[in-house]
Structure formats: structure tokens, C-alpha cells
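# Working through the structure, step by step
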Amino acid sequence: MTRLRTLLYLLPLALPATGQNLPTPPTTVFGFRDFAPQARIDAAFLAVPDPVLAGQHLKILTAEPHWASSPEDYKTALYVAEKFKAAGLETQIVPYRVLLNKPIKILIEAFGPNGTKLMTGPSPEHVDSTADGGDPFQDDPRVTPAFNGSSPSGDVTGEVIYANHGTLADFKQLEKLHISVKDKIILVRYGGNFRGVKVYIAQKYGARGVLIYSDPADDGYFHGDPYPKGAWRPESAVQRGSTQFLPIYPGDPETPGIASTPDLPDSQRIPIDKLQSNQPSIPVNPLSYQDATPILRALTGPNVPKGWQGALPFAYHLGGGKVTAHMHLEQDNALRTIWDVIGTIEGTDPAQKEDWVVAGNHRDAWVYGAVDPNSGTAAMLETVHGLGELLKQGWHPKRRVVIASWDAEEEGLIGSTEWVEQHQEHLKHAVAYLNTDVGVSGPTFNASAVPSLKQFVRDVTLEVPSPKGGSVHDQWVKAQTATDADHTDQPDEDRRDHAEAPLDVHIGTLGSGSDYTPFIQHTGVPSTDIGSDGPYGVYHSVFDNYNWFIKNADPTFVYEQQQARVFGLEVLHMADADVLPYDYALYGREVVTYLTNAAHRATAAHLTLNFTQANAAAQRFADAGLAIRARQLSPGPTPANLNHALRSAETALLSSDGLPNRSWYKHTIYAPGEFTGYAAVVIPGVNEAIDSPDAARGQAQLTVLTQALARAAAILESATRESASRPLGQ
């Protein structure tokens, strides 16, 4: 026990800022030989995060639109850096030069069969300033026009075809109906998949351009009162967003696998005129449902298939009646400077201090970003506040703690990806990446994680008080029970998180769409992601601002405080655990289930694949997970090499060749789906071969998976034998 731990052990259990009693901490926590000293450190930390200060952070961070690379974005970097330094973190602002598009001119027009103009847009985002308090932020001249990141410039005209959510199944359905999308302007609604995948598929089918609108069925009045009366999307609100082909690779599109540092020579960049793999070649732009309505109303042709009807008050048609759209987009594509803010606390354990614990949230926003992402930034700053108070009391972590405020996440996870690519060799030793993005949009806690860290996240929530009473864990269980949160409405469910876990809460699977992506799926760093959800209809619009937040999400900022506490305990536990709290027993069970489901899917697809060796490797991995867990739970000191072996097992699940057609993604167990984007596909090499269907590719990917599981199992088996050979207490 260090001097600091002795000091903290003598501190009385502190009360949180709300004045509520803390939930009784567990007496044992997986990863700690004796949890009592850590429980007192945790209690000292939990007393610090302050809802009032979190509200101040959020108000300052969202005072101005701060699109990545803008002067206002740099001001937020300075603010975050100031708070990091004040807490005692060694702090750097780390710049990168990356390719970003900025709109110069955006014009969308639509015409009826007789040439009558139906609409001109995009219309400004505006709500009635005299009704329900209006919106004080909507008229700032610095708000960018509604546009999509990564869209090229273009001047195209074409007949409009409605394609529902623009999923692969939707385009196949149009094909079955003998409706060609070649050289057409495709109108799709948000939802169902990542917006960039909508464009990816449309482009493959020969479309000339894509318009993406927000249907009130998905996040508008169909769910409740629109803002400013309620939380849902008003008719003029537009969802901006990146249309980079994220499932191919994230980050600066000109430098896959290479960090875009300011001094990177142009010779190491892919010239913009040769970018083909992860950037659209056809123009794309978002619309509000106010602007989409006259187009949809004018479409004729067949009625839409079942499930394609949205909530606008008329029947939807597929098109074919000569309604045309004109898209004139002028984009300024240029290398622009973005700024990550990195704060570090040095570790003290000579054998493990370089085994980093990285925790992060992005800071940039399409406009103001009160929920996405600065509710997460405000919570993270209060986490840092708590860590700073511990530092003043003499605490220092065993392992180095790295706190990161990422930039340009919205354009394609750019700030985090460039940092990971710059540090990827060292990150082979990082023990965790802990993410938060949309920190708070309401009161319902949620989490996703790699299977080895699912119990870890659950255990942390046992200690944190909920504003509703009891612990976050208590309320999490109640919320999931009440909503029957088993994800049965997801398509192709058996490709995703379908294993039965011996936990009392459902913890999701990591796909993509936030900054954990480069950590887990490119470098194999075990990762988690946390948030707190609620009705949220203003995503990526001008109305995701401080006014919406205090009316709908968290008026007293107590959920900001909650999230700061959960995030902070994640950091503390990973930094100071005696034995790394990876649950490979659960991991193994899930992988066995993934393979069972894949075999059923292959049979249903009439695809002949031999799963024998893969099943044996998965069972070996599961058995090794059970054995190593017994050693993790055994008493006595933990040798550093056991922790290093536990960490290496995750890296062993990477494939050096990456996935077929998208080699940047290295993980054999988890990846964003090529045709989903956000949602995870488990054992992706195998499952996507089944989807193709491609038996040769599927068998080859089963071999890759078998080898990865065998590598990971061998590491765990060796560590178990070595640990077992040591007498207890040595």
C-alpha cells in the first residue's frame, strides 16, 4: 500500500454533491485482491463531480457553433486544455492537418412532371420565435448550411426515386420491382443504417445523387411534440452528418494507416482526385421533412412496399412519374487543422506504468452540439476535476492515464483515428479505451463493450448513485426490464450481440460511429462506451443546443454528474486494478454462440461451410477463458506478466491482413457492417461471406478466425500454467 493509499484509506467515506448517501459499495470487485482501499478512493472521487460546474462547462462549450477546424472549435480546445491543466494533468494540444469539405453553395430544387417548381432549399432551420419560448440560437450567422461531410461537389439533375431507408435490402426490393435507380436522384430517409452506407449502396447501383431527409416517423412528431414544445425534431430541422464510407476506413481519407501530422509530406497522402475507396463520388445532401414533403407528395408510380410508409400525411409512392431534382453543390475541399487535447497522469508501477488507460470524448459539433457531443465533454471535465482532487490528496495511478478530447469525430472519427495511427505501436500495450460521446440526452443509462469488459462496466455502476435513487445499476436493470430491451427489432439479429450473458443487464456490442472504433477494431484495445439516453429528436441540427438541453435532457445536470462519476470510476478501476478485469469466460461463450448462429445462417442460405475447426478453436478459447478467470480470482499478488498476457489475448484476435475489401479493420470478432455502418457485425469475415454468398471466401475467413482464436487461447493457457506454477502469495 502506497503512502497515498494509506492517506485515502484514512479518509471518511464522502457524500456526493447531491447529498444522497452513496450506494453501499461491494465488498469484492473482480480485479482487486482487496477492494476496501479502492472503495475509499472511489468514495473520495465520487464526492467531487459537480452538476453546477457541469452545467457551466456545457454552456460555455456550446455558446457558439464549433464545426471542426473553425476558430470557435479552437476556442473549445483551449477551454478543455485549461481545465486539464487546472486539474494537474500534463496537457498538450495536438494538431493534425486533414482533408475536410466545407460548403460554398448548396442548392436543391425539385420539379413536377409539368416543370412546376416544387421546392427550393435547403430551407433555413427555424422555429416560431413566439411559440413555446422559441429558440435563441437558431439565427447565428456562423451556422453552416445543411450539408454532408465527404460529399463531393456536383451539378446533377435526375428523376427522383424513393428508396425508404436506403438499406441493401431496400435497393434489392426496388430491383425486384423492376425499378431502376441508375442515373436517378435517390431520396432516402434517415434510419436503418449509417448515412454513408446509404450513399455507398446507391453509388454501387449507379445513382446520380442522393438526398437524405428526416421523416417524422423516425424522430419527429410521430413520437411526441416537436421542439420547442417538446423534444422531437421540428419540420425545418436537418440532420447533418458525414457520408464518408466509414466501414471501409475512418480518419483522414488521404492517409489510411498513417497519422496526418502537420509535417507529413504530400508524397504520403493519396491525392484528392484519386480518392475512391472511402469517399462518395456522387453528390449527397440532407433535407428537412419540410423540404422533402413536396417531393414525396408529388411522386407517383407504385405505392411503397409494406414498412416503407413514413409519417407524413399522404401515401408514399416509389416514383417514376418524372418528378426531377437538381442538386448543385459547391464544396471547398482543403487540408484544415484540427486539434486534439491530450492530458496525462503518469503511472507509478515500474512494470505497468506504460500500460495506458485511455479515456476520451470528442468535442467538435456540426453546430452547437449540446447533446452530441458536449454533454459528454462536460461530464468528462467533471471526471477530470475529480481526478485532480485525488492528485491533490496524493493519489497516483499504477498505470498511465490518458484523457483525450478528440476533434473532427463528426467528419469520420478523424481526430481519434489519427492519434491512434500515430501511437499504434504503443497502444498494443494500452489496457483499455473508455469512451463517451452522447453523454446525456435523458435519464436512461446505457453501455456497450467488448465482452471481456461487460462485467467491468456493470460493476462500476453498482457504486454510483442514481438521481432516481439507489444505484445506476439498480435503475439500469429497472429500465431494461420495463422496456424489454432485448433488441428483437433489429434485422439480422443473429449477426450481432445475441449470446446469453450471465449478467443482469444487457450491454451492447461495439460497432462504429464513435471514437472507440480505431482502438478496438484497428489496434485491439479493449473498449467500452457509455451514455444516458432519452427522447432526442434534434440530432445534428441547429436545435441541439443549450436551450434544448435544459428543457429536455437534464435541466439540473444531475445526469451529467452521474455520467462523470461512472466514467471516472472506469478510469480509476482500470488504472489501479491488481489483475486486469477482463472476463474471457464470457468472451468465449459469446464467440461460441456467434459461430453457432453463423452455421445456422449458412444452412439457411444453402451455403456449404465446414465449421468444425472454428468451433473447436472457439471452445478452446472459452475453456481457456474459464481457466484464466480462476487464476484471476485466486489470492495473492498478481505478477505483471499475467496482466500482460491477459492484454495480449485481445491483440491476438486481430488479423494482420484485415477484413476482405477493407483491410484497415483488423478485428476478427467485431467490425461495423459493410452495409450497416454503425451496427456491429460479429465474426464479420464469416458472416459477410455468408451474406454475399461466397463459400470460398467464407471458408477462408473461418480459417482466419480459427487461427486468431487459437492464438488467443494459447496465450491464456500459457499464462494459466505459469500462474499455477507459482505458490500462492508469490
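Shown above is the structure to which this text applies.
Let us look at the structure shown here. Just so we're clear, the structure is a prediction, and the values are computed from it rather than from any experiment. (Residues numbered from 1 in each chain as written. Predicted model: local features only at pLDDT ≥ 70, side-chain atom pairs only at ≥ 80, totals over all residues. Heavy atoms only, no water.)

## A word on helix H9 (residues 374–393)
- The end-to-end C-alpha distance of H9, which contains 20 residues, comes to 29 Å, matching closely the 28 Å that a straight helix rising 1.5 Å per residue would cover.
- Extensive coverage of H9 is indicated by the burial of 16 of its 20 residues.
- Downstream of H9 by one or two residues, glycine 394 has phi in the positive range, about 110°. (Helix = DSSP H or I, 4+ residues; strand = E, 2+ residues; numbered from the N terminus. Expected span 1.5 Å × (residues − 1). Buried < 20%, exposed > 50% of the residue type's maximum accessible area, 1.4 Å probe, protein only.)

## Quick notes on the pattern of salt bridges
- Enumeration over the complete set of coordinates arrives at 27 salt bridges.
- With a closest N to O distance of 3.5 Å, arginine 269 and glutamate 254 form a salt bridge. Residue arginine 269 is found in the loop between strand S7 (241–242) and strand S8 (284–287), and its partner glutamate 254 is found in the loop between S7 and S8; the two are separated by 15 residues along the sequence. The two residues arginine 269 and glutamate 254 agree in class, both being buried.
- Notably, a salt bridge pairs arginine 601 with aspartate 691, separated by 2.5 Å at the nearest N-O pair. Of this pair, arginine 601 sits in helix H16 (residues 584–604) while aspartate 691 sits in helix H19 (residues 684–691), and the two are 90 residues apart along the sequence.
- The exposure class of arginine 601 is buried, given its relative accessible area of 11%.
- On the basis of relative accessible area, aspartate 691 is assigned to the partly exposed category, the value being 32%.
- Residues joined by salt bridges that share partners form a network here, namely Glu64, Glu72, Lys75, Asp140 and Arg142. (Salt bridge = Lys/Arg side-chain N within 4 Å of Asp/Glu carboxyl O.)

## Brief notes about the environment of glutamine 309
- Along the chain, the position of glutamine 309 falls in the loop between helix H8 (289–298) and strand S9 (319–345).
- Overall, glutamine 309 belongs to the partly exposed group, its relative accessible area being 34%.
- With sequence-adjacent residues up to four places away left out, glutamine 309 is seen in contact with Arg189, Val304, Phe314, Ala315 and Tyr316.
- Only 2.9 Å separates the side chain of glutamine 309 from the backbone nitrogen of tyrosine 316, close enough to count as a polar contact. (Contact = heavy atoms within 4.5 Å. Polar contact = N/O pair within 3.5 Å; in protein donor to acceptor, adjacent residues only side chain to side chain.)

## Focus on unusual backbone geometry
- Cis geometry is found at the peptide bond from aspartate 372 to proline 373, where omega equals 10°.
- With respect to the helices and strands, proline 373 occurs in the loop between strand S10 (357–362) and H9.
- Backbone torsion omega between serine 692 and proline 693 reads -20°, so that peptide bond is classified as cis.
- Residue position: proline 693 is located in the loop between H19 and helix H20 (695–724).

## Let's talk about the packing of helix H3 (residues 51–61) against helix H4 (residues 71–86)
- It is at 10 Å that the axes of H3 and H4 come closest, and there the two elements cross at 155°. Overall, the two elements H3 and H4 adopt an arrangement that is roughly antiparallel. Across the interface between the two elements, His57, Ile60 and Leu61 from H3 touch Thr76, Tyr79, Val80 and Lys83 from H4.
- Residue classes in the contact of H3 with H4 are distributed as four nonpolar, two polar and one charged. (Axes fitted to C-alpha atoms, helices over the stretch in contact; angles between N-to-C directions. Parallel < 35°, antiparallel > 145°, perpendicular 65-115°, else oblique. Nonpolar A, V, L, I, M, F, W, Y, C, P; charged D, E, K, R; others polar.)

## Quick look at the nonpolar core
- Counting 202 residues, the largest nonpolar core has Leu296, Trp419, Phe621 and Ile669 as the members making the most contacts within it.
- When neighbours within four sequence positions are excluded, isoleucine 669 is seen to be in contact with Tyr587, Val591, Tyr594, Leu653, Val681, Val682, Ile683, Pro684, Leu705 and Leu709.
- In terms of nonpolar packing, the next biggest core, distinct from the first, is built from five residues, Val29, Phe32, Phe35 and Ala39 among them. (Core = buried A, V, L, I, M, F, W, Y, C linked by side-chain atoms within 4.5 Å.)

## Here we look at the packing of aromatic side chains
- Scanning all chains against the criterion turns up 32 aromatic pairs.
- Between tyrosine 584 and phenylalanine 621, the aromatic rings sit 6.0 Å apart at their centres with planes inclined by 75°, giving edge-to-face as the arrangement. With tyrosine 584 in helix H16 and phenylalanine 621 in helix H17 (residues 612–633), the pair connects residues that are 37 residues apart, well separated along the chain. An identical accessibility class is assigned to tyrosine 584 and phenylalanine 621; each is buried.
- Against the face of phenylalanine 30 rests arginine 629, its NZ or CZ located 4.2 Å from the ring centre.
- The ring of tyrosine 665 has arginine 662 sitting right over it, with the charged end atom 5.7 Å from the ring centre. (Phe/Tyr/Trp six-rings, centres within 6.5 Å; stacked < 30°, edge-to-face > 60°. Lys NZ or Arg CZ within 6 Å of the ring centre and 35° of its normal.)

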